[in-house]
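# Examining the three-dimensional arrangement
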Amino acid sequence: MEATSDSPHQFRVLGTSPIRPDGLSKVTGRACFGADFLMTGTLHGKILRSTYAHARILSIDTSEAEALPGVKAVVTAEDFPILNQPMDLSQAGSTPRAMAENDLAHKKVLYRGHAIAGVAATSIHIAEKALELIKVDFDVLAPVLDVRQAMADDAPILHENLTTMFRTGGFTQGDDTGIKGNIAGHVKVLHGDIVEGFKHSDVIVERELRTSMVHQGYIEPFAATAFWSPDDYLSIWTSTQNAFGIRNTTSAILGLPESRVKVVPLEVGGGFGGKGTGYLEPVAALLSKKSSAPVKMVMTRKEVFEGTGPTSGTFIRCKIGADSDGYIKAAEMHMAYEAGAFPGSPVSGGAFPALGAYKIDNILIDGYDVVLNKPKTQSYRAPGQPQSTHAVETVIDELAEKLDMDPMEFRLKNAVREGDMSPTGLPHSRFGCVEVETAMKAHPHYNAPLQGHNQGRGVAVGYRMHAGGNGSSATLNVNDNGTISLITGSADLSGSRVSLAMQAAEALGIDTEDVNPSVADTDSIGFTSGSFGSRITFDTGRAILNAAGMVVEQMKERAALLWEVRPEDVDFTDGMFTCRLNTNERLTFKGMAGEMANTGGAITCSASDFQGGVGPQLSGNIVDVEVDPETGKVEILRYTTFMDVGQVVHKSNVEGQMQGGVLQGAGWALNEEYFYNEEGVMVNSSLLDYRMPTTTDLPMIDTVIIEVPNSRHPFGIRGVGETPVVPPLAAIANAIYNATGVRLTKLPMSPSTIVEALSQNNDC
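Because the structure is predicted, anything quoted here is derived from the model rather than measured. (Residues numbered from 1 in each chain as written. Predicted model: local features only at pLDDT ≥ 70, side-chain atom pairs only at ≥ 80, totals over all residues. Heavy atoms only, no water.)

Turning to the overall build of the chain, a few remarks are in order. The number of helices and strands found in the chain is 21 helices and 29 strands. The globule rule puts the C-alpha radius of gyration for 764 residues at 27 Å, and the 27 Å found for the chain is close to it. Dimensions of the chain along its principal axes, counting C-alpha atoms only, are 90 × 75 × 50 Å. Out of the 764 residues in the chain, the part that is buried amounts to 62%. In the chain, the proportion of contacts linking residues at least 24 apart, taken out of those at least 6 apart, comes to 78%. Carbon and sulfur atoms make up 49% of the accessible area of the chain, which amounts to about 28300 Å² in all. Put simply, the chain has 62 plus and 90 minus side-chain charges, and the middle of one group is 2 Å from the middle of the other. (Helix = DSSP H or I, 4+ residues; strand = E, 2+ residues; numbered from the N terminus. Rg over C-alpha atoms; globule rule 2.2 N^0.38 Å. Buried < 20%, exposed > 50% of the residue type's maximum accessible area, 1.4 Å probe, protein only. Contact = heavy atoms within 4.5 Å. Areas by Shrake-Rupley, 256 points an atom, 1.4 Å probe, with all protein chains shown as cover. Lys, Arg positive; Asp, Glu negative; His and termini not counted. Charge placed at Lys NZ, Arg CZ, Asp CG, Glu CD.)

Shown next as structure tokens:
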């Protein structure tokens, strides 16, 4: 690893790699995941799912299933109280009403795998038998499976009451256009004069590019247990990235006050954004209420593929123009994102940051959120951005080639700097755009010679903007031996407990091992938004620092009592309390903790923080590939990933996030896709047929960490959870072009796709 830094901070804990506190329980199998949790008297729940991609539900007969011995409860959408309310599709599909119809289909099934009914029985086998006894009468309709076909005037309509919502600017909600169809939303980014910009462009490149719907690749399936007690108090144990979100939506769907719903987050076996929404909790809760027993539900892998949210497939047209000196003058993009069965694709996440790494005065982006007969999409790291960056960075590379410029030199020439306009229309704060690109251009990998005729090198950069506000809460309990119990509401997906403990240790001048972090249920901690948006180390870290500041202030008051001085006469630096009036009076943090009983009792401090987002981030990739022209197989030979992380917290975790993003991006680029037949059936809904990369598919991924401190965080932290997955799609595509001379515009770039493209090129 190489690192550059202009940070003035000298940290004692940050930048090291202490042992993760959750490591031992996970490697020994003691950690409790969703499928592990079991209460006495638990019933087993299963879901009946649609075998059609699009059909009206004429009737559901559950009588035979209910009569089966061992069956204790059966529920359908009619049991959801919220379905008595009118459908509102105006808020990007995030309303509890729309989520209820996704959890159990109401009048229509909208994709193969759409849940129809739930059963609770004394065994899984009886529950599965009961599903076979449920009779559903359908009026089968034609499905629409292509995003461009779904936008056509004559396309089958999924929602008769759906009208297009128009948005402009950052993330503000616009007006209902009144236009009915499958286009649920239209976002627009407009700066300058696009026509005038292209007039001043000497070279213009325009490309149409497509990406496929892909899965996040988490190993653990969805699992939840619910118990609706006789006093109408609902407890839920679930593997989720968003415990408070599960509480809020479940209470709304079921008509229970939030104060009567408790969500206990269990360990999460991977999420990557896909577990920010629940599918089982409201169904398990209703089954529990009907049966008066706890109900546990665990999805199969096939159910995960067919019935939960992947990320969007896209169609993007990208046009960029530059003058003969290599300055970009204008950019225009048309984006159509698959939302799946309900509105809510990450089209805004793709549209607004798409060109954020470049200084461009004239921009027009039109983005469309389109419903079609596939599962409702969910987040997947940097939602929407890998797809739009794939389009932009492909065209950027082609522009550099036509201008006869070095690809990195072209990017550097147009790189944004502090004060340039950001995608939101506000000036960019300082971040490492130039620093990352400079490091890429100077790196030995970029300048090393390739060794073979079929080898190629590709580069790409990925800009990540996260400006939305999110709240986090934290509690610090000081123990009399000087250790800390740290309580947060942030689900730990990839080691956030240790990164949060390290910030507490840094602030209090103790060792990371002296901080015991835990994740609490929704009754035991203040509101905390979900673990997404690269925000946990940043947002929850800020809440922890607020609480740590309160701990220090209270301890200063205790020290003042001992030394018979005023609190303002007590200083605290690097874990040591000192008296300004008598420098011989000194107590370590642990020593002061030992005096709590004599100076007023226990110290417990809770704090929250609500920030305006992590801020801008940039990642870059250099990749070498070798393409077999006969088979189309792509071998990745060398990979280097760069990122401005602000300030490293846990060094090996940061490297792991960067490497993991590359691995996922490589799968997205080369192999992964939801493959549907004409009837809307996913034909590769298993991990045998859905090809995700493993460690044997890539070489060791080198990491280069750039540290340009983030002014939004006291320690300069930015967050690294999402941006690493943004550039790999384009970097690998550019490398394949460099190796073959053929520009591929559809992902995945599978062997058959490459062979076909090479064959067509030879025919020309």
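Once you've had a look at it, read on.
Another aspect to go through is the pattern of salt bridges. Tallying each qualifying case throughout the model produces 42 salt bridges. Between Arg411 and Asp397 there is a salt bridge, and its shortest N-O distance comes to 2.9 Å. Separated by 14 residues along the polypeptide, Arg411 in helix H12 (residues 407-413) and Asp397 in helix H11 (residues 385-402) bring together distant segments of the chain. On the accessibility criterion, Asp397 (11% relative accessible area) is buried. Note that Arg457 and Asp624 form a salt bridge whose closest N and O atoms lie 2.7 Å from each other. Pair noted here: Arg457 is in strand E19 (residues 455-466) and Asp624 is in strand E27 (residues 615-627), with a separation of 167 residues, a long-range link. (Salt bridge = Lys/Arg side-chain N within 4 Å of Asp/Glu carboxyl O.)

Taken in spatial order, the 3 strands make up an open sheet running E5-E3-E7, and their pairing is antiparallel. At either margin of the open sheet sits one strand with a lone partner, and together these are strand E5 (108-109) and strand E7 (135-140). (Pairing = 2+ DSSP bridges.)

A few words on the environment of Leu500. Within the secondary structure layout, Leu500 lies in helix H15 (residues 496-508). Distance from Leu500 to Ala224, taken between C-alpha atoms, is 26 Å for residues 276 residues apart in sequence. Apart from residues no more than four positions distant in its own chain, Leu500 is found in contact with Leu486, Thr488, Ile536, Thr537, Thr540, Gly541 and Ile544.

Put simply, H15 and helix H16 (residues 536-563) touch, their axes get as near as 9 Å, and they point 30° apart. One finds that H15 runs roughly parallel with respect to H16. Between H15 and H16 the crossing geometry is right-handed. Each of Ser496, Ser499, Leu500, Gln503, Ala504, Ala507 and Leu508 in H15 lies in contact with H16, whose residues at this interface are Ile536, Thr537, Thr540, Gly541, Ile544, Leu545, Ala548, Val551 and Val552. (Axes fitted to C-alpha atoms, helices over the stretch in contact; angles between N-to-C directions. Parallel < 35°, antiparallel > 145°, perpendicular 65-115°, else oblique. Left-handed = near helix turned anticlockwise from the far one by under 90°.)

Before going further, it helps to examine the pairing of strand E6 (residues 115-121). Summarising burial for E6: 7 of the 7 residues are buried, a large majority. Pairing geometry for strand E2 (residues 43-49) and E6, over 6 bridges, is antiparallel. Looking at E6, one finds that Lys46 is bridged to Val119. Across 5 bridges, strand E4 (residues 71-76) lies against E6 in antiparallel orientation. Bridge pairing links Ala73 to Ala120 in E6.

Further remarks concern the packing of helix H3 (residues 96-103) against helix H7 (residues 243-254). Remark: H3 packs on H7, axes separated minimally by 9 Å, with the N-to-C direction vectors making an angle of 80°. One finds that H3 runs roughly perpendicular with respect to H7. Residue-level contacts link Pro96, Met99, Ala100 and Asp103 of H3 to Thr249, Ala252 and Ile253 of H7. Taken together, the residues of the contact of H3 with H7 sort by class into 5 nonpolar, 1 polar and 1 charged. (Nonpolar A, V, L, I, M, F, W, Y, C, P; charged D, E, K, R; others polar.)

The amide bond that connects Leu747 to the next residue, Pro748, takes the cis arrangement and shows omega of 5°. Within the secondary structure, Pro748 sits in the loop between helix H20 (728-740) and helix H21 (751-763). With a phi close to 60°, Asp232 is a non-glycine residue in the positive phi region. Positionally, Asp232 belongs in the loop between strand E12 (223-228) and strand E13 (234-238). For Asp404, which is not glycine, the phi dihedral falls at a positive 55°.

Evaluation of the coordinates by the stated rule reveals 13 aromatic pairs. Pairing Phe305 with Tyr690 gives two aromatic rings, centres 5.1 Å apart and planes at 45°, and the pair type is tilted. Residue Phe305 is located in helix H9 (residues 301-307), and its partner Tyr690 is located in the loop between helix H19 (651-670) and strand E29 (701-707); the two are separated by 385 residues in the primary sequence. Accessibility expressed as a relative area gives 1% for Phe305, which makes it buried. Judged by its relative accessible area of 1%, Tyr690 is buried. Here Tyr674 and Tyr690 contribute two aromatic rings whose centre-to-centre distance is 6.1 Å and whose plane-to-plane angle is 80°, an arrangement assigned as edge-to-face. (Phe/Tyr/Trp six-rings, centres within 6.5 Å; stacked < 30°, edge-to-face > 60°.)

Attention now moves to helix H13 (residues 433-442). Structurally, the α-helix is built with 3.6 residues per turn, so residues lying three or four positions apart point the same way. For H13, the complete set of buried residues consists of Cys433, Val436, Glu437, Ala439 and Met440. For H13, the arc enclosing every buried residue in end-on projection is 160°, short of the 170-degree limit, so these residues lie on one face. In the core, the buried residues of H13 are packed alongside H12, helix H14 (444-447), E19, E27, strand E28 (634-644) and E29. (Arc of directions from axis to C-beta.)

Right, let's talk about the nonpolar core for a bit. With 52 residues, the main nonpolar core has Ile320, Met333, Leu355, Ile365, Val392 and Phe410 as its most contacted residues. Beyond its immediate stretch of four places on either side in the chain, Met333 contacts Ile316, Arg317, Cys318, Ala354, Leu355, Leu364, Ile365, Asp366, Ser388, Ala391 and Val392. Listed in part, the 44 residues of the second largest apolar core include Leu476, Met555, Phe577 and Leu587. (Core = buried A, V, L, I, M, F, W, Y, C linked by side-chain atoms within 4.5 Å.)

The next subject is a negative patch on the surface. A cluster of acidic residues, Glu626, Asp628, Glu630 and Glu635, forms a negative patch on the protein surface. Within the element layout of this structure, Glu635 appears in strand E28. Here Glu635 falls in the partly exposed class, since its relative accessible area comes to 41%. (Patch = residues over 30% accessible without salt bridge, like charges linked within 9 Å, V, L, I, M, F, W, Y side chains within 5 Å.)

What follows covers the confidence of the model for the chain. A residue-level look at the chain finds 96% of positions with pLDDT of 70 or above and a mean pLDDT of 94. Predicted confidence is poor over residues 170-174, with pLDDT under 50, and the contacts of this stretch with residues over four places away or in other chains come to 12 contacts. (pLDDT = per-residue confidence, 0-100.)

Along the polypeptide, Ala184 turns up in strand E10 (residues 183-191). Classification of Ala184 by relative accessible area gives buried; the value is 3%. Between the alpha carbons of Ala184 and Ile204 there is a distance of 31 Å; along the sequence they are 20 residues apart. Excluding residues within four positions of it along the chain, Ala184 makes contact with Leu162, Thr163, Thr164, Met165, Pro343, Asp369 and Val371.

To continue, consider H19. In this model, H19 (20 residues) spans 29 Å end to end at C-alpha, consistent with the 28 Å of a helix rising 1.5 Å per residue. In terms of burial, H19 is largely enclosed, as 15 of its 20 residues are buried. (Expected span 1.5 Å × (residues − 1).)

Our next topic: the side chain of Thr308. Considering the arrangement of structural elements, one finds Thr308 in the loop between H9 and strand E16 (314-322). Among the residues examined, Thr308 registers a relative accessible area of 1% and is labelled buried. Among the polar contacts listed, one links the side chain of Thr308 to the side chain of Tyr218, at a separation of 3.4 Å. In terms of polar contacts, Thr308 uses its side chain to reach the backbone carbonyl oxygen of Val304, at 2.5 Å. Excluding residues within four positions of it along the chain, Thr308 makes contact with His215, Tyr218, Phe222, Tyr279, Met299, Glu303, Pro375 and Lys376. (Polar contact = N/O pair within 3.5 Å; in protein donor to acceptor, adjacent residues only side chain to side chain.)

As a further point, take the sheet that holds E12. The sheet built from 7 strands is open, its strands ordered E4-E6-E2-E15-E12-E13-E14 with mixed pairing. What marks the edges here is a single partner per strand, and that holds for E4 and strand E14 (261-265). Strand after strand, the sheet turns through a mean of 20° between neighbouring axes, direction not considered. Along the sheet, H7 contacts E12, E13 and E14; its crossing angle with E14, the most-contacted strand, is approximately 145°.

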